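So you can see what is in the structure, the chains are spelled out below.
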Amino acid sequence: MSFPLKQPVAQPKAASNRLEPAALLESLETLLTEMLRAHKQALANTREHRLAVSQADRVRMARCASQQAEINVRTESLNRERSSLLVAFRQGVSLREVLSSLSDLDTARCEELGGQLRETVVTLRREQSRLALASSSLAQHMQGLIQQIHRSLSHAGVYSTQGRVEAGAVVVSGFDVTS
């Protein structure tokens, strides 16, 4: 019976970050603050959008959608910046791992910001789910109203419930003209 030779376990690469640990921590704190601000703006905008949907205010809905697009661009930019800061340690590293490697520095503020950001993202996802449900309900309601209008305008009965012209019911009848 032969035993396989133990393969050396690959150790994660050490940080190749050009920033000094203190500068990295400062950059992360600034970045997390900006990310938290952007996500809180997105949360406020999502709540405003849901209120606009509940009131069927199309002007406010359009404004909220436009603002959300701007916030999304900013958030994507911040996410790319975060990735570039963290990837300097190694591919796929998490913020928690980076902060634990900087244990000789005071990382409490970054940890606090990271926790607040995580909570805000969870709340934002929940609110966006509610907004999607409200938007879907409004769209279904509007479709129902359109069908009712089509039905009421079709005195001849040639419009279907979808508002399309369709052949009416086939009536089988005859008329005797021989007498």
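Throughout what follows, the structure given in this document is the object of discussion.

## Concerning the packing of helix 1 (residues 21–54) against helix 2 (residues 58–87)
Logical step 1: Contact geometry for helix 1 and helix 2: axes closest at 9 Å, N-to-C directions at 160°. When the axis of helix 1 is compared with that of helix 2, the two are roughly antiparallel. At the point where helix 1 passes helix 2, the crossing takes the left-handed sense.
Logical step 2: Per-class residue counts for the contact of helix 1 with helix 2 are 16 nonpolar, 10 polar and six charged.

## Some remarks on the pattern of salt bridges
Logical step 1: Per the stated rule, a full pass over the model turns up nine salt bridges.
Logical step 2: Its salt-bridge partner being Glu-127, residue Arg-130 comes within 3.1 Å of it at the nearest N-O pair. One end of the pair is Arg-130 and the other is Glu-127, both in helix 4 (residues 108–153) and three residues apart, which spans about a single turn.
Logical step 3: By relative accessible area, Arg-130 is classed as partly exposed at 40%.
Logical step 4: With relative accessibility at 6%, the residue Glu-127 sits in the buried group.
Logical step 5: Through salt bridges that share partners, Arg-47, Arg-50, Glu-127 and Arg-130 make up one connected network.

## Side note on helix 2
Logical step 1: An ideal rise of 1.5 Å per residue puts 44 Å on 30 residues; helix 2 measures up with 42 Å between its terminal C-alpha atoms.
Logical step 2: For helix 2, the set of buried residues is Arg-60, Met-61, Cys-64, Gln-68, Ile-71, Thr-75, Leu-78, Leu-85 and Leu-86.

## Overview of the side chain of Thr-123
Logical step 1: Turning to its location among the elements, Thr-123 is positioned in helix 4.
Logical step 2: Among the residues examined, Thr-123 registers a relative accessible area of 17% and is labelled buried.
Logical step 3: Those residues in contact with Thr-123 that lie beyond four places of it in its chain are Leu-43 and Arg-47.

## Quick word on the nonpolar core
Logical step 1: Counting residues in hydrophobic clusters, the biggest one holds 19 residues, and the most contacted among them are Leu-24, Leu-28, Val-98, Cys-110 and Leu-117.
Logical step 2: Put simply, the parts of the chain that give this core at least two residues each are helix 1, helix 2, helix 3 (95–101) and helix 4.
Logical step 3: The element that contributes the greatest number of residues to this core is helix 1, accounting for eight residues.
Logical step 4: Apart from the residues lying within four places of it in its own chain, the contact partners of Cys-110 are Leu-25, Leu-28, Glu-29, Leu-32 and Leu-99.
Logical step 5: The next biggest cluster of nonpolar side chains, apart from the first, holds five residues, and it includes Ala-52, Val-53, Leu-131 and Leu-138.

Reading guide: rules and limits
- Residues numbered from 1 in each chain as written.
- Predicted model: local features only at pLDDT ≥ 70, side-chain atom pairs only at ≥ 80, totals over all residues.
- Heavy atoms only, no water.
- Axes fitted to C-alpha atoms, helices over the stretch in contact; angles between N-to-C directions.
- Helix = DSSP H or I, 4+ residues; strand = E, 2+ residues; numbered from the N terminus.
- Parallel < 35°, antiparallel > 145°, perpendicular 65-115°, else oblique.
- Left-handed = near helix turned anticlockwise from the far one by under 90°.
- Nonpolar A, V, L, I, M, F, W, Y, C, P; charged D, E, K, R; others polar.
- Salt bridge = Lys/Arg side-chain N within 4 Å of Asp/Glu carboxyl O.
- Buried < 20%, exposed > 50% of the residue type's maximum accessible area, 1.4 Å probe, protein only.
- Expected span 1.5 Å × (residues − 1).
- Contact = heavy atoms within 4.5 Å.
- Core = buried A, V, L, I, M, F, W, Y, C linked by side-chain atoms within 4.5 Å.

By themselves, these observations are geometric and do not establish any function.
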